[in-house]
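# Report on the structure
Spelled out, the chains give:
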Amino acid sequence: MKIVLTGSLGHIGKPLAEGLVAKGHSVTVISSNAGRQNEIEAIGAVPAVGSLEDVGFLAKTFTGADIVYLMEPPANYFNKTIDVYAHRIRIANIYVQAILLAGVTKVVHLSSIGAHTDHGNGMLRIHYEVEQILKELPESVFLKEMRPVGFYYNMFAFIPAIKSQGAIIQNYGGDQKEPWVSPLDIANAIVEEMEKPFNGRTIRYIASDEVSPNEVAQVLGRAIGKPDLKWQVVSDEQFLNTLLAIGFNPQVANGYTEMNASRRTNAYEDYNLHRPQALGKVKLTDFAGEFATVFNKK
């Protein structure tokens, strides 16, 4: 099949492109960075250099594709002038225009856990908004929504507090198990869905492991030589003030605080109703080695 990927060669994009090429598909990778062309070609894919905000470029690149993979790139969360919600909504609307112009009929979209609601989920609300925009596509366009849970690599954000205060410090915690996911398992799930039949609109949650915050502290602590590492819970106000103090965009800081708070309430309600049939291969203990490598370099 001819498949077009947005997202360049990021955490998910690179293993996704490699997986599809290995399966014999013709893969085009869109990147805004011309410097990525050689890297894209090296894995056997075709580079298409341009902006996701250029409808004409996207429509031209999408034309003739059997499947298009969509993702909205994250904004710079330290940029205090950007509206991160408006940014992603703008990209989503451009995607819809390009899909209609190109006549695409099969779409796989990278969404997120929390996209089932626009209430009380902070930053995750934008995924609900984007899914609603994509739902406006005609019924002749088949759409698969991929909803991964929290990414392991987000745990790298724990490192500064571990180094400065000797603990993981968040506004949630405890012994309730939560799902986490590796980008490799996300990429594998997307490849699977692209090779399955498309019919109407479907949703798939993706997770690699389910562990509690206290278990995370134990596993990561052992990996970095701090077996007594603790997960410390602070108030929402304390957490928010910390994010603001290190320079976060206030919109993002508030969104992250509410998102983390939702882990104590409704973040996993829809996930628990539609759990993956099987968890992915990459477990927290596997990621812990990568975490230790990054930790020791900082």
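A quick note: this is a predicted structure, and the numbers were derived from the prediction, not measured.

Below, the discussion takes up the overall build of the protein chain. Assigned secondary structure in the protein chain consists of 12 helices and 12 strands. Along the longest, intermediate and shortest principal axes, the C-alpha atoms of the protein chain span 55 × 40 × 35 Å. Residues counted as buried form 53% of the 298 residues belonging to the protein chain. Long-range pairs, those at least 24 residues apart, make up 76% of the contacts in the protein chain between residues at least 6 apart in sequence. Total accessible area computed for the protein chain in this model is approximately 13600 Å², and 50% of it derives from carbon and sulfur atoms. Distance from the positive charge centre (28 side chains) to the negative charge centre (31 side chains) of the protein chain: 4 Å.

Moving on: the sheet that holds strand β7 (residues 150-151). Pairing within the open sheet is mixed, and its three strands lie in the order β7-β9-β11. On the outer flanks of this sheet lie β7 and β11 (209-211), each paired with one strand and no other. Both strand β9 (residues 178-181) and β11 contribute to a ladder of three bridges, which runs antiparallel. Across the sheet, residue Trp-180 finds its bridge partner in β11, namely Asp-209.

Further remarks concern the pattern of salt bridges. A complete count under the given rule lists 15 salt bridges for this structure. Linking Lys-144 and Glu-193 is a salt bridge whose minimum nitrogen-to-oxygen distance equals 3.1 Å. Separated by 49 residues along the polypeptide, Lys-144 in strand β6 (residues 142-148) and Glu-193 in helix α7 (residues 183-195) bring together distant segments of the chain. The pair formed by Lys-144 and Glu-193 is uniform in burial state, with each residue classed as buried. In this structure, Arg-147 engages Asp-270 in a salt bridge whose closest nitrogen and oxygen atoms are separated by 3.3 Å. With Arg-147 in strand β6 and Asp-270 in helix α11 (residues 269-273), the pair connects residues that are 123 residues apart, well separated along the chain. Of the two residues, Arg-147 and Asp-270, neither departs from the other in class, the shared state being buried. Among the charged side chains, a network of salt bridges with common partners joins Lys-144, Glu-192, Glu-193, Lys-196 and Arg-204.

Turning to the side chain of Glu-72, a few remarks are in order. For Glu-72, the location among the structural elements is in the loop between β4 (67-70) and α4 (84-102). Within the buried core, Glu-72 has no salt-bridge partner, and the shortest N-O distance to an opposite charge, that of Arg-88, equals 4.9 Å. In this structure the side chain of Glu-72 is engaged in a polar contact, spanning 2.8 Å, whose partner is the side chain of His-109. Those residues within four positions of Glu-72 in sequence are excluded, and the remaining contacts are Arg-88, Ile-91, Tyr-95, His-109, Leu-110 and Val-130.

Between helix α8 (residues 213-223) and helix α12 (residues 284-297), the shortest axis-to-axis distance is 9 Å and the interhelical angle comes to 50°. It follows that α8 is oblique to α12 by the angle criterion. Here α8 and α12 pass one another in a crossing that is right-handed. Contacts between α8 and α12 involve Glu-215, Val-216, Val-219, Leu-220 and Ala-223 from the first element and Leu-284, Thr-285, Ala-288, Phe-291 and Ala-292 from the second. Tallied by class, the residues present in the contact of α8 with α12 amount to eight nonpolar, one polar and one charged.

With numbering matched to this structure, UniProt assigns "domain: NmrA-like" (unreviewed entry) to residues 2-265. Each end of residues 2-265 is marked by a C-alpha atom, and these two atoms are 42 Å apart; helix forms 41% of the span and strand 20%.

Our next topic: helix α1 (residues 13-22). Gly-13, Pro-15, Leu-16, Ala-17 and Leu-20 are the residues of α1 that are buried. Packed against the buried residues of α1 are β1 (2-5), β2 (26-31), β4 and α7. One or two positions beyond α1, positive phi appears at Gly-24, with a value near 90°.

Reading the values: rules and limits
- Per chain, residues are indexed from 1 in the order of the written sequence.
- For a predicted model such as this one, the threshold for reporting local features is a pLDDT of at least 70, and the threshold for listing and counting side-chain atom pairs is 80 or more; totals across whole chains, interfaces and linings nevertheless cover every residue.
- No hydrogens and no water enter the side-chain calculation; it runs on all heavy atoms of the structure.
- What counts as a helix is a DSSP run of H or I of at least four residues, what counts as a strand is a run of E of at least two, and both are numbered from the N terminus.
- Partly exposed residues are those whose accessible area sits between 20% and 50% of the maximum for their type, while under 20% is buried and over 50% is exposed, using a 1.4 Å probe and protein chains only.
- The criterion used for residue contact is that any of the two residues' heavy atoms lie within 4.5 Å.
- All accessible areas in this document rest on Shrake-Rupley with a 1.4 Å probe, and a residue is counted as covered only by the protein chains that are shown.
- Positive charge is attributed to Lys and Arg, negative charge to Asp and Glu, and no charge count is given to His or to the chain ends.
- By convention, the point assigned to a charge is CZ for Arg, NZ for Lys, CD for Glu and CG for Asp.
- Think of it this way: DSSP has to see at least two bridges between two strands before they count as a pair.
- A pairing counts as a salt bridge when a side-chain nitrogen of Lys or Arg comes within 4 Å of a carboxyl oxygen of Asp or Glu.
- Pairing of N or O atoms within 3.5 Å defines a polar contact, subject to two protein rules: one partner must be a possible hydrogen donor and the other a possible acceptor, and residues neighboring in sequence count only if both atoms are side-chain atoms.
- Between the N-to-C directions of two axes lies an angle of 0 to 180 degrees, each axis being a line fitted to C-alpha atoms and, for a helix, fitted only over the stretch in contact.
- Small angles under 35 degrees read as roughly parallel and large ones over 145 as roughly antiparallel, with 65 to 115 read as roughly perpendicular and the rest as oblique.
- Here a crossing is called left-handed whenever its near helix is offset anticlockwise from the far helix by less than a right angle, and right-handed whenever the offset is clockwise.
- Residue classes follow a fixed rule: Ala, Val, Leu, Ile, Met, Phe, Trp, Tyr, Cys and Pro count as nonpolar, while Asp, Glu, Lys and Arg count as charged, and any other residue, Gly among them, counts as polar.
- UniProt positions are given in the numbering used here, feature names are shortened, and annotations may be inferred rather than shown by experiment.

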